[in-house]
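Inside the fold
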Protein chains: 2
Amino acid sequence: MARTTPQTHGEILVAAARRFGVTGYRGTSLQDIANEVGCSKAAVLYHFANKEAILTELMAPAIEVLRSLDERIAAQPDPTSAQRVAAEGFVALAVRFRGEIALLRGEFPELLQQPGFAHIQQISERLLDALAARSERASARIAAFVLLAGIAETCGEFADVSDDELGEALLTLLRRALEPAG
Amino acid sequence: MARTTPQTHGEILVAAARRFGVTGYRGTSLQDIANEVGCSKAAVLYHFANKEAILTELMAPAIEVLRSLDERIAAQPDPTSAQRVAAEGFVALAVRFRGEIALLRGEFPELLQQPGFAHIQQISERLLDALAARSERASARIAAFVLLAGIAETCGEFADVSDDELGEALLTLLRRALEPAG
DNA sequence: TCAGAGCCTGACCGATCGGTCAGATCAGTG
DNA sequence: CACTGATCTGACCGATCGGTCAGGCTCTGA
């Protein structure tokens, strides 16, 4: 079973992504991943410090883009432009990383409380604030929350829809559904 | 520790609801529930056949309302009225049972695949179809999915908002965001 | 030829899970 | 009194979890 080329690290990532997407992070054991790769569980833990490290590395690119979106939003001079940037940026991110987001399968709440993902929570709150056009009105914040959570939950489904079409549909929805500033 | 009155059944339900709401269904062990009640784990399993039975009994009222909503939608003569009934009914259900829905904490996908909840999956699909005004267009179905999943995820948050205000906000959002029939 | 680095394995660990079981306790009944 | 059925307990079960560890294999460079 010894592998001739040391590409196992990448194989583990691919296998983990596939399994997480099917049975969720919690519902996937290290043994499941090892079986999918065709190696031992110990081999998985040779390449990654622990289970969370797999998820972290898997999500790293998406998180980096989210972080930069957060900065771009913060740099906007007024609520209206911040809302626009947030909407367009979030849709682009959701579509581009829909595979990665899908494999979290509604485990956001718990995963966000893990030590490595604490700052994501804060970014999400700022994103919500921007989508609500910085409004304090409950209706605006509720709408923003529904759309934020809904899009995150949605983009993993509809795998048969192209990136362009999905992005267009989500953006149209956001523009129609978000309450304008003021 | 023997209890004088046999009200433990109800106490277990209350304790389970509280724990599920905090740590989720999977994240809550029978021992956690027993600790909260102040009885043994075996006592919990004396009153309920297994862990899933607790969740089933907890969700029974909400599921019954969902089932009757499903029938009312099916009885509508055209897509437009079906969409209206689905939107109003779902919002009313989500607000009324927001506590129960909240304790599922994004575990819908996995829980729906448990044997006792198989039919909920089908009802959800018909609800989606109605919200999309029976349209086959991807944009309509995507919007419906975002709103359905988003509302389910949302109604547990905003505990400080009254039922009326929450329902009003969600309904307004749905009316603005859903694509009309045709 | 051999030391060492990188890669990987099987065996094992403690913890926790859902669930079972034999038996103790107690209230009610005849 | 004896008996019964409902309630509950502590001890236990097999399975599974994430993670550790000592050692073996293969390749490389001195």
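Since we're looking at a predicted model, the values are computed, not measured.

1. Regarding a negative patch on the surface
A cluster of acidic residues, D160(A), D164(A), E165(A) and E168(A), forms a negative patch at the surface. Taking the relative accessible area as the measure of exposure, E165(A) reaches 42% and is therefore partly exposed.

2. A look at the packing of helix α4 (residues 51-74) of chain A against helix α8 (residues 118-131) of chain A
Residue and element names in this part refer to chain A. Axis separation between α4 and α8 bottoms out at 10 Å; the angle between their running directions is 45 degrees. Classified by the angle their axes make, α4 and α8 are oblique. The hand of the α4/α8 crossing is left-handed. Of the residues in α8, those in contact with I63, L66, R67, L69, D70 and I73 of α4 are H119, I120, I123, R126, L127 and A130. Residues that form the contact of α4 with α8 fall into these classes: 8 nonpolar, 1 polar and 3 charged.

3. Comments concerning α8(A)
Residue and element names in this part refer to chain A. The first and last C-alpha atoms of α8 sit 21 Å apart over 14 residues, in line with the 20 Å expected at 1.5 Å per residue. Here α8 has its buried residues at I120, I123, L127, L128, A130 and L131. For α8, the buried positions fall inside an angular range of 160 degrees around the axis, keeping them on one side. Residues of α8 that are buried sit in contact with α4, α5 (79-96) and α9 (138-154). Phi turns positive one or two residues past the end of α8, at A133, with a value near 55 degrees.

4. Concerning the confidence of the model for chain A
Residue and element names in this part refer to chain A. Looking at chain A, the pLDDT average stands at 91 and 95% of residues meet or exceed 70. Predicted confidence in chain A is weakest over helix α7 (residues 108-111), with a mean pLDDT of 73, and strongest over α5, with 98. In the model, residues 1-5 has pLDDT below 50 throughout and makes 5 contacts with residues more than four positions away in sequence or in other chains.

5. Here we look at the protein's contact with DNA strand C
In the neighbourhood of DNA strand C, 18 residues make up the surrounding shell, with T8(A), S40(A), H47(A), K41(B) and K51(B) lying closest. Considering DNA strand C, the proportion of its atoms within 4 Å of the protein that are sugar or phosphate atoms stands at 56%. The contact in question runs from a phosphate oxygen of DNA strand C to an N or O atom on the side chain of S40(A), over 2.7 Å. Y46(A) is positioned with one of its side-chain polar atoms (N or O) 3.2 Å from a phosphate oxygen of DNA strand C. Of all the secondary-structure elements, those providing two or more residues to the surface near DNA strand C are α3 (41-47) of chain A together with α3 (41-47) of chain B. Looking at which element gives the most residues to the surface near DNA strand C, the answer is α3(A), with 4 residues. Grouping the constituent residues of the surface near DNA strand C by class yields 9 nonpolar, 6 polar and 3 charged.

Cut-offs and rules
- Residues numbered from 1 in each chain as written.
- Chains lettered and ligands numbered in written order.
- Predicted model: local features only at pLDDT ≥ 70, side-chain atom pairs only at ≥ 80, totals over all residues.
- Heavy atoms only, no water.
- Patch = residues over 30% accessible without salt bridge, like charges linked within 9 Å, V, L, I, M, F, W, Y side chains within 5 Å.
- Areas by Shrake-Rupley, 256 points an atom, 1.4 Å probe, with all protein chains shown as cover.
- Salt bridge = Lys/Arg side-chain N within 4 Å of Asp/Glu carboxyl O.
- Lys, Arg positive; Asp, Glu negative; His and termini not counted.
- Charge placed at Lys NZ, Arg CZ, Asp CG, Glu CD.
- Buried < 20%, exposed > 50% of the residue type's maximum accessible area, 1.4 Å probe, protein only.
- Axes fitted to C-alpha atoms, helices over the stretch in contact; angles between N-to-C directions.
- Helix = DSSP H or I, 4+ residues; strand = E, 2+ residues; numbered from the N terminus.
- Parallel < 35°, antiparallel > 145°, perpendicular 65-115°, else oblique.
- Left-handed = near helix turned anticlockwise from the far one by under 90°.
- Contact = heavy atoms within 4.5 Å.
- Nonpolar A, V, L, I, M, F, W, Y, C, P; charged D, E, K, R; others polar.
- Expected span 1.5 Å × (residues − 1).
- Arc of directions from axis to C-beta.
- pLDDT = per-residue confidence, 0-100.
- Near = heavy atom within 4 Å.
- Polar contact = N/O pair within 3.5 Å; in protein donor to acceptor, adjacent residues only side chain to side chain.

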